Amino acid sequence: MTREEENELIEKVKHGDGNAFEPLVLENQKNVYNLALKMVGNEEDAFDVSQDAFMKAFNNLGKFRGESKFSVWLYRLTTNVCLDFLRSKKRKPYISLTQGDENDEERELLIPDDRFSPEYEFDKHELRQSINKGLKQLPEDYRSILLLREIDGLSYDEISQALKLETGTVKSRLFRARKKLCSILYADGNIPHIHSSKDTKEV
Amino acid sequence: MDNCNKYIEMISSLVDGELSDEQMSELNAHLDSCQNCRRVYEAFMNISNTISDDLVEPPEKLAQGIMYKVHIADNGGTSRHFAFGRFTALAACLALILYAGVHFNLFGTDDSLAPKTDSIEMADEKSDVDIPYSELSEIPEDSSFNTSQPQVEDPTSVEENTDTEEQSDEASLENDPESVEINVDDSIGLLSLPEEELFDKDDQLIFLTEAPSLKIYEGEFLPLDQEDSKKSVDLEEVEPILNMENSDEISQFSALLSVSEKEKFVIPDGKPLYTIWFEVPTSSTSEDLSEPVFMQMLIWDTDDGLLISTNDSEVALKLTVTIDEFNAFIYPETEPSSTETSAPVQNTQSSTTDNL
């Protein structure tokens, strides 16, 4: 859908034609749903959160000025709905990024040589499971930015629009998100290594 | 290899395709000679590929549920027509949505916009009526549906009474655990139905104006059991006071059924004044077309005026029209008398009553 088509539909909705919202839903629902799914971790909640996000978009179309793509705005809403949801559901306090995390230059990426060598075979399914598990442990702000990048395919510019961050911050935060995820995976004994044809596996 | 820290950060950007050509060649040169960094690259690529490959299709109900709510929101505001949610198993569930110029703040909270999914699943299993989702877009292009659009403060919310903790006590239908209330800005929504059927995937809104036929019976005339609502046999034995099959007439009549009071009333004792039977548009069901489905509403004559309710609701709302105006519509040739109709009418099995 082009920006033009998007804006046309949005105008229609603003003028009372609710049906015009449907193509916008259909176009974006996969990305919204998958973003929500990986953010909140289960289908039921993802469903609710996705509906919330779309309805928030519908109800607030008046505030959408078309400066960014509709999808980017929508992902922003979705991210916020997800974060609010997670905060309300958690028993422990929201793990926001601390100063320490952001400025943590000292922390090196833990990549022991032997674990990352090509000898270790990895099952794709296993890998997916480990990464999904790891994502759930990732602090929410890292999780959301990584998902916006990987699931919704947003560019750094778009992410900076969606999250109201400087592009430089987007870049470094993404890097730190990946670094953090790697260390979680490493701590769990799961290394996101590529699939190799060799048989040896580390126990 | 202190450079590696710098390169590792660049690797992240490389995976995202956000390096300049210059940076890219510099990095590639380094990767050729640095195994650690190559492994970092592999690790980041794996993460990226795994996450982006693992996308699923959203459930069908997602879009349907959203558009359902959009349509509800769309027809709030100045619409004064009836809309009826169409839910499965005919009979047991009657859905009645009344719109008026008055804001019925039946739901205090607006956080929980979504139905609980277990209800959706239940509805799915029970569903034996297939209404094509595309029917949802068949909303009459009526000037009265022209509403102001989404610059509303309160989001539309549809909420089920039983499970949520966020329910607003003041306005919830505490008497009726099966009610679901719709809070639409500047309108009232009253949806009364078994909660598991609320979000049947085939839901759509049917407007009374689209009913192919509408009959008014004197007194109380309800199907004996669920199955009867399908049968036209019973209906043939009792004559309606008014039988409308003309869409203009039906439109006019539905315009009569507007509600303007905020108050909810308890269902009066005794029998209703009239029972309205209307046929659910058959084009919206994929059921056997030879068996039309009917829904009923009851009109009550009370000291507070005319009330309207669904068959199994415990709450009635007040109609704006007076009994005289209503009767004038039904009996256009006679002079309406306000003294004649206040006595409740017995459930009649006899032939046409004669009020002329």
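Note: the structure precedes this text.
Reading guide: rules and limits
Numbering of residues starts from 1 in each chain and follows the order in which that chain's sequence is written. Chains carry letters from A onward and ligands carry numbers from 1 onward, assigned in written order. Selection of residues for local features in this predicted model requires a pLDDT of at least 70, selection of side-chain atom pairs for listing and counting requires 80 or more, and totals for whole chains, interfaces and linings are taken over all residues. Side-chain measures here rest on the full set of heavy atoms in the structure, leaving out hydrogens and waters. Counting from the N terminus, the helices are the DSSP runs of H or I reaching at least four residues and the strands are the DSSP runs of E reaching at least two. Think of it in three bands: residues with accessible area under 20% of the maximum for their type are buried, residues over 50% are exposed, and the middle band is partly exposed, with areas taken using a 1.4 Å probe on protein chains only. Here the Shrake-Rupley method, with its probe set to 1.4 Å, supplies the accessible areas, and only the displayed protein chains count as covering residues. Any two strands with at least two DSSP bridges between them are considered paired. In plain words, nonpolar cores are sets of buried Ala, Val, Leu, Ile, Met, Phe, Trp, Tyr and Cys residues tied together by side-chain atoms within 4.5 Å. Any two residues whose heavy atoms approach within 4.5 Å are treated as being in contact. Computed over the protein atoms alone on a 1 Å grid, cavities are sets of points where a 1.4 Å probe fits but cannot get out and pockets are open sets with protein on both sides within 12 Å along at least five of seven lines; a residue lines them when it has an atom within 4 Å of a point. Grid points are joined across faces, edges and corners, and a volume is the space filled by probe spheres set on the points. Under the convention adopted here, Pro, Cys and the residues Ala, Val, Leu, Ile, Met, Phe, Trp and Tyr are nonpolar, Asp, Glu, Lys and Arg are charged, and Gly plus all remaining residues are polar. How far a helix is expected to stretch is found by multiplying one less than its residue total by 1.5 Å. Relevant arc is that of directions from the helix axis to the C-beta atoms, nothing else. Each aromatic pair joins two rings of Phe, Tyr and Trp (for Trp, the six-membered one) with centres within 6.5 Å, and gets the label stacked for planes under 30 degrees apart, edge-to-face for over 60, and tilted for any other angle. Here a polar contact is taken to be a pair of N or O atoms separated by no more than 3.5 Å, where protein atoms must pair a possible hydrogen donor with a possible acceptor and residues adjacent in sequence count only if both atoms sit in side chains. Axis lines are fitted to C-alpha atoms, over the contacting stretch for helices. Their N-to-C directions set the angle, which ranges from 0 to 180 degrees. Roughly parallel refers to an angle under 35 degrees, roughly antiparallel to one over 145, roughly perpendicular to one between 65 and 115, and oblique to any angle outside these ranges. The crossing is said to be left-handed when, going from far helix to near helix, the turn is anticlockwise and less than a right angle, and right-handed when the turn is clockwise. Within this document, salt bridges are pairs made up of a side-chain nitrogen of Lys or Arg and a carboxyl oxygen of Asp or Glu, the two lying within 4 Å of each other. Patches here: salt-bridge-free residues with over 30% relative accessible area, like charges joined within 9 Å, nonpolar side chains (Val, Leu, Ile, Met, Phe, Trp, Tyr) joined within 5 Å. Only four residue types enter the charge count, namely Lys and Arg as positive and Asp and Glu as negative; His and the chain termini do not. Taken as the charge centre is NZ of Lys, CZ of Arg, CG of Asp or CD of Glu, depending on the residue.

Colleague: Could you clarify how one ought to interpret the overall build of chain B in this entry?
Modeller: Regarding its fold elements, chain B presents eight helices and 13 strands. Across the 356 residues that make up chain B, the buried fraction comes to 56%. Accessible surface for chain B amounts to roughly 15,300 Å². Of this, 43% is attributable to carbon and sulfur atoms.

Colleague: Any chance you could explain the pairing of strand β10 (residues 274-279) of chain B here in plain terms?
Modeller: Two faces belong to every sheet, and in a regular strand the side chains alternate between them. Residues and elements named next belong to chain B. Burial within β10 is extensive, with six of its six residues counted as buried. The alternating pattern of β10 places Tyr274, Ile276 and Phe278 and Thr275, Trp277 and Glu279 on opposite faces, both of which are buried. The pairing of strand β7 (residues 214-218) with β10 spans five bridges and is antiparallel. Looking at the pairing, leucine 214 lines up with phenylalanine 278 of β10. Bridge analysis of β10 against strand β11 (residues 294-302) gives six bridges, and the strand direction is antiparallel. The residue bridging tyrosine 274 from the neighbouring strand is isoleucine 299, located in β11.

Colleague: Please clarify how the nonpolar core should be interpreted in this entry.
Modeller: Across soluble globular proteins, nonpolar side chains have a tendency to be buried as a group. Counting 81 residues, the largest nonpolar core has Phe21(A) and Phe70(A) as its most contacted members. Considering each element in turn, this core owes the most residues, eleven residues, to helix α4 (residues 70-89) of chain A. Contact partners of Phe21(A), with chain neighbours within four places excluded, come to Val13(A), Phe54(A), Ala57(A), Phe58(A), Leu61(A), Phe70(A), Ile66(B), Met67(B) and Val70(B). With 29 residues, the next largest nonpolar core counts Ala211(B), Phe253(B), Leu306(B) and Ile330(B) among its residues.

Colleague: Is there a simple way to explain the layout of surface pockets in this structure?
Modeller: Empty space among the atoms becomes apparent when a probe as large as a water molecule is rolled across them. All names here are of chain A. Computed from the structure, the second largest pocket encloses a volume of approximately 360 Å³. Around the second largest pocket, the lining comprises 15 residues; the ones closest to its centre are Lys63, Phe64, Trp73, Arg76 and Lys164. Listing elements by their share of the lining of the second largest pocket, those giving two or more residues are α4 and α8 (156-163). For the lining of the second largest pocket, the per-class residue count stands at five nonpolar, four polar and six charged.

Colleague: Explanation requested: helix α2 (residues 21-33) of chain B in the structure shown.
Modeller: Owing to its 3.6 residues per turn, the α-helix brings residues three or four apart onto one side. Residue and element names in this part refer to chain B. Over its 13 residues, α2 extends 19 Å from the first C-alpha to the last, a length consistent with the 18 Å expected when each residue adds 1.5 Å. If you check which residues of α2 are buried, you get Leu27, His30 and Leu31. Taken end-on, α2 shows its buried residues confined to a sector of 100°, consistent with a single buried face. Away from its buried face by more than 90 degrees, α2 exposes Asp21, Glu22, Asp32 and Ser33. As for α2, its buried residues are in contact with α1 (3-15) and α3 (35-53).

Colleague: What exactly am I supposed to notice about the packing of aromatic side chains here?
Modeller: Describing an aromatic ring pair means giving the distance of the ring centres and the angle of the ring planes. Applying the stated criterion to the full structure yields twelve aromatic pairs over all chains. Between Phe64(A) and Trp73(A), the aromatic rings sit 4.9 Å apart at their centres with planes inclined by 40°, giving tilted as the arrangement. With a relative accessible area of 14%, Trp73(A) lands in the buried category. Summarising the aromatic geometry, the rings of Phe253(B) and Phe326(B) are spaced 5.8 Å apart at their centres and angled 65° between planes, so their arrangement reads as edge-to-face.

Colleague: Could you clarify how one ought to interpret helix α1 (residues 3-14) of chain A in this entry?
Modeller: All names here are of chain A. Between its terminal C-alpha atoms α1 stretches 16 Å, which fits the 16 Å expected from twelve residues at 1.5 Å a residue. Looking at α1, one finds that the buried residues are Glu6, Leu9, Ile10 and Val13. Burial along α1 is one-sided: seen end-on, the buried residues are contained in an arc of 100°. Exposed residues lying more than 90 degrees from the buried face of α1 are Glu4 and Glu8. Residues of α1 that are buried in the fold lie against α2 (21-40), α3 (43-59) and α4. Immediately beyond the C-terminal end of α1, within one or two residues, lies glycine 16, with a positive phi of roughly 110°.

Colleague: Hey, could you run me through the environment of Asn246(B) in this one?
Modeller: All names here are of chain B. Its place among the elements puts asparagine 246 in the loop between β8 (242-244) and α7 (247-256). In this structure asparagine 246 comes out as partly exposed when scored by relative accessible area, which is 38%. Placed 33 residues apart in sequence, asparagine 246 and serine 213 show a C-alpha to C-alpha distance of 7.4 Å.

Colleague: Would you explain the side chain of Thr302(B) in this entry?
Modeller: Residue and element names in this part refer to chain B. Following the sequence through the fold, threonine 302 ends up in strand β11. Within the local environment of threonine 302, its side chain forms a polar contact with the backbone nitrogen of aspartate 304, the two atoms lying 3.0 Å apart. Polar side-chain contacts of threonine 302 include one of 2.9 Å to the backbone oxygen of glycine 305. Excluding anything up to four places from it in sequence, threonine 302 contacts Pro268 and Leu307.

Colleague: Please clarify how the packing of α2(A) against α4(A) should be interpreted in this entry.
Modeller: The relative placement of two packed helices comes down to the angle between their axes together with the axis-to-axis distance. Residues and elements named next belong to chain A. In contact at an axis separation of 10 Å, α2 and α4 are set at 40° when each is read in the N-to-C sense. In terms of axis orientation, α2 runs oblique to α4. By crossing handedness, the relation of α2 to α4 is classed as right-handed. Seen from α2, the contacting residues are Phe21, Leu24, Asn28, Asn31, Val32, Leu35, Ala36, Met39 and Val40; seen from α4, they are Phe70, Ser71, Leu74, Tyr75, Thr78, Thr79, Cys82, Leu83, Phe85 and Leu86. Broken down by class, the residue content of the contact of α2 with α4 amounts to 14 nonpolar, five polar and no charged.

Colleague: Sorry, what's going on with the pattern of salt bridges here?
Modeller: Pairing is possible between side chains that carry opposite charge, provided their charged atoms lie close to one another. Applying the stated criterion across every chain, the model contains eleven salt bridges over all chains. In this structure, the salt-bridge partner of Lys38(A) is Asp54(B), at a minimum N-O distance of 3.1 Å. Separated into two different chains, Lys38(A) in helix α2 and Asp54(B) in the loop between α3 and α4 (60-74) make up a pair that spans both. A single burial state applies to Lys38(A) and to Asp54(B), both of which are buried. Where Lys69(A) meets Glu158(A), a salt bridge forms, and the shortest distance between an N and an O atom there is 3.2 Å. With Lys69(A) in the loop between α3 and α4 and Glu158(A) in helix α8, this pair connects stretches of sequence that are 89 residues apart. The exposure class assigned to Glu158(A) is buried, which follows from its relative accessible area of 16%.

Colleague: What is the right way to read a negative patch on the surface from this model?
Modeller: A contiguous patch of negative charge, built from Glu4(A), Glu5(A), Glu8(A) and Glu27(A), is present on the exposed surface. The element best represented in the negative patch is α1(A), accounting for three residues.

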